[in-house]
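Each chain, letter by letter, is given below.
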Amino acid sequence: MIWQTECTLSLLARHYWTLFRTCARCSSLDVGKKLHASIVTTGLVTCQNTYLRNAILHMYAACGSVLYARKVFDEIPLSYKDTVDWTTLMGCYARGGFPLDGLNLFVHMRKSDVLIDEYTMVVVFLASAKMRCEQFGVQGHGCMVKMGFSSSIKACNAVMDMYVKCGLIDKTRRIFSEMGEKSVVSWTVVLGGVVKWEGFENARLLFDKMPERNEVAWTVMIAAYIENGLTKEAFGLLREMLFESGFELNFVTLSSLLSACAQSGNVLVGKWVHVYALKMIEHEIDIVVATTLINMYAKCGRIDDAFRVFLVMPRRNVITWNAMLSGLAMQGKGDMVLDLFGQMIREVKPDDVTFTAILSACSHSGLVDQGRHFFYSLESTYGIKPSIEHCSCVVDLLGRAGHLEEAESIIRRMTIPPNEVVLGSLLGSCSFHKNLELGECLIKELVQMYPDNTEYHVLLSNMYSLAGRNDKANSIRVVLRSRGVRKVPGISSIYVGGQIHCFSAGDKLHPQSQEIYMMLDEMIRKIRLAGYAPDTTCEKFSGSNDGDYYGYDQEEKEQALFSHSEKLAVCFGLISTQAGMPLYIFKNLRICQDCHSAMKVVSKVYNREIVIRDRNRFHRFKLGSCSCFDYW
């Protein structure tokens, strides 16, 4: 009778063990929790030699439930824990956003004399890469060599990936050259590192040497061309990948290419990928791909296209909603963001990213009262503790509106130390509202925190200049010049004919430079007749050797303004596209006041819609006005 009972329990335990493994494969957390509750209630979990807790641990880890996985791990007797259990929990930590806990567990594992294998080392390098922790990664590499795993392709691939993430491409190449056997993953890891740290030219040389290529390698190379504005080359590789090599774009590769398009503003390739997804995917577009599409269209200035994709999605998660809200926020559509949020909370639960988008929208649209309401009720109403991103947004909101004291009080009450984004935002507002006293205090804090960042010295110098205190401005400029400081140059880019064309201030390197400057002279003449007046206060200290700047006459200052990068890009667009076509321009810095004023007049005189994405937001100029309503 006892034998029959033990046999029944063993069969039942094996059945449960199989169910837990199935839940792990399918990431069925809810079902797994119910099964766990069932065996706890019946007492089956305490049966010896069933290894049920081990299966439960793997189920929670596979579902990404870090807290439950750790609790079950601690309940397993030490003698019943093997290398796989330790490695599983380490991987759960690393993938769940707690890489430091994973590395600490590895240290504890070594102290407990638990054997490690190549998979353990893979997880160690994954956690080190997540933290960009070169020091622990190097120590892990040494451990890998001592333990005899240097011949493991998986371990070598992982350590190379870690070095790539940490920016140590030379060490990556060294390991790669020493590997006796290389997999296609090995080649692909190195390719990704070369693209990131050495440029796409070197990456193409390596790509051409690859004995075998997978979808990831193709995607990495195509994305590199997209990000560098080489649209024709990107399409050439796409054609070769799809029609000659026989690969297809899956949801991972589609998302990667769309992210590259969003980064570079290449809507041409982005639209092609969208059409491909619609044609090749028989069922509905994957929610990840659709969300990336929304992000791509929004960041390329096609907010209406982004919203159309959003509306036809049968299912939307919180990431989808956040992408749509963030896109609208960048366009300055604050009222629309608040309206959509009312719909969102009926469909999904908002998270911290949601409120970053909302506060950003309020800031860009001047919705001070609404922004205040959301910020001050974050924790009490939505159970979300204000993050540094939330504080940065509300400081920007209040600072833009001139509520500098309230903005400063929020910074002083922050439970986490303010970073340069928060302090820099308030400093920018001080510059706009000419509050030198507060600006000087903020500069002192920023210099203590970030002594190598001289951008704030430049801003303070310009503040002194605008206030007529040229002695103070000159003293800062002398110090910066002695340190060889130069302001980051403004670069504006525009896509024409499937290629990206980049311009810097006073740029005369473009093949059509003569035509561009002829167009510039004509444009300035026309917009002046239409009411444009150059604002020479925008032509301030740049960090270059312009010691005689204050001796420049008015005409010289105006000429410097006229050749700003976005004006050159617009002129190129005017001579290179058909009349009436919208122009989309991307700038790496904030657009200056003079260019903003000029673009409004240009849009009216030439009957062109001009969309400029600067470092902070989109400006859509049409018929003499801007979508930001001069509030940015």
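Residues numbered from 1 in each chain as written. Predicted model: local features only at pLDDT ≥ 70, side-chain atom pairs only at ≥ 80, totals over all residues. Heavy atoms only, no water.

## Some words on a nonpolar patch on the surface
Part 1 of the reasoning: Nonpolar side chains collect at one region of the surface, where Phe251, Val252 and Val288 lie side by side and expose about 260 Å² of accessible area between them.
Part 2 of the reasoning: The topology assignment puts Val252 in helix α15 (residues 251-264). (Patch = residues over 30% accessible without salt bridge, like charges linked within 9 Å, V, L, I, M, F, W, Y side chains within 5 Å. Areas by Shrake-Rupley, 256 points an atom, 1.4 Å probe, with all protein chains shown as cover. Salt bridge = Lys/Arg side-chain N within 4 Å of Asp/Glu carboxyl O. Helix = DSSP H or I, 4+ residues; strand = E, 2+ residues; numbered from the N terminus.)

## As for the pairing of strand β3 (residues 583-587)
Part 1 of the reasoning: Counting buried residues in β3 gives five out of five residues, a clear majority hidden from the surface.
Part 2 of the reasoning: Burial of the side chains of β3 extends over both faces: Leu583, Ile585 and Lys587 are buried on one face and Tyr584 and Phe586 on the other.
Part 3 of the reasoning: Here three bridges tie strand β1 (residues 491-496) to β3, and the two strands are oriented antiparallel to one another. What sits directly across from Ile494, in β3, is Ile585.
Part 4 of the reasoning: Inspection of the sheet shows β3 paired to strand β4 (residues 610-613) by four bridges, in the parallel sense. Bridge assignment links Leu583 to a residue of β4, and that residue is Ile610. (Buried < 20%, exposed > 50% of the residue type's maximum accessible area, 1.4 Å probe, protein only. Pairing = 2+ DSSP bridges.)

## As for the pattern of salt bridges
Part 1 of the reasoning: Taken as a whole and judged by the stated rule, the model has 19 salt bridges.
Part 2 of the reasoning: The residue Arg308 makes a salt bridge to Asp305 at a minimum N-O spacing of 2.4 Å. Taken together, the residues Arg308 and Asp305, both in helix α18 (residues 303-312) and three residues apart, mark about one turn of the helix.

## Focus: the packing of aromatic side chains
Part 1 of the reasoning: Under the counting rule described, the total for this entry stands at 17 aromatic pairs.
Part 2 of the reasoning: Here the aromatic rings of Phe235 and Trp272 are separated by 6.1 Å at their centres, their planes lie at 70°, and the arrangement is edge-to-face. Within this pair, whereas Phe235 is found in helix α14 (residues 231-244), its partner Trp272 is found in helix α16 (residues 267-280), the two being separated by 37 residues in sequence.
Part 3 of the reasoning: Using a relative accessible area of 21% as the deciding quantity, one classes Phe235 as partly exposed.
Part 4 of the reasoning: For Trp272, a relative accessible area of 29% translates into the label partly exposed.
Part 5 of the reasoning: In this structure an aromatic cluster arises from ring pairing among Phe341, Phe355, Phe374 and Tyr382.
Part 6 of the reasoning: Against the face of Phe73 rests Lys81, its NZ or CZ located 4.0 Å from the ring centre.
Part 7 of the reasoning: Between Arg302 and the ring centre of Tyr584, over which it is positioned, the NZ or CZ distance is 3.4 Å. (Phe/Tyr/Trp six-rings, centres within 6.5 Å; stacked < 30°, edge-to-face > 60°. Lys NZ or Arg CZ within 6 Å of the ring centre and 35° of its normal.)

## Side note on the UniProt feature "repeat: PPR" (unreviewed entry) in the protein
Part 1 of the reasoning: Those places that UniProt annotates as "repeat: PPR" (unreviewed entry) correspond, in this numbering, to residues 82-116, 152-186, 214-249 and 286-320.
Part 2 of the reasoning: A helix fraction of 74% and a strand fraction of 0% characterise residues 152-186, whose end C-alpha atoms lie 11 Å from each other.
Part 3 of the reasoning: End-to-end, the C-alpha atoms of residues 214-249 are 11 Å apart, and along that stretch the chain is 75% helix and 0% strand. (UniProt positions renumbered as here; feature names shortened; annotations may be inferred.)

## Details of helix α32 (residues 565-576)
Part 1 of the reasoning: An ideal rise of 1.5 Å per residue puts 16 Å on 12 residues; α32 measures up with 16 Å between its terminal C-alpha atoms.
Part 2 of the reasoning: Across the 12 residues of α32, 10 count as buried, placing the element largely inside the fold.
Part 3 of the reasoning: Of all the residues in α32, the buried ones are Ser565, Glu566, Lys567, Leu568, Ala569, Val570, Cys571, Phe572, Gly573 and Leu574. (Expected span 1.5 Å × (residues − 1).)

## Focus: the pairing of β1
Part 1 of the reasoning: Bridge analysis of β1 against strand β2 (residues 499-504) gives six bridges, and the strand direction is antiparallel. Paired with Ser493 across the two strands is Cys502, which belongs to β2.
Part 2 of the reasoning: Counting the residues between successive antiparallel strands, the hairpin from β1 to β2 contains two residues, one of them, Gly497, with a positive phi of roughly 65°.

## Some words on the side chain of His619
Part 1 of the reasoning: You can see His619 is positioned in strand β5 (residues 618-622).
Part 2 of the reasoning: Reaching out from His619, the side chain makes a polar contact with the side chain of His596 at a distance of 3.4 Å.
Part 3 of the reasoning: A distance of 3.5 Å separates a polar atom in the side chain of His619 from a polar atom in the side chain of Asp614. (Polar contact = N/O pair within 3.5 Å; in protein donor to acceptor, adjacent residues only side chain to side chain.)

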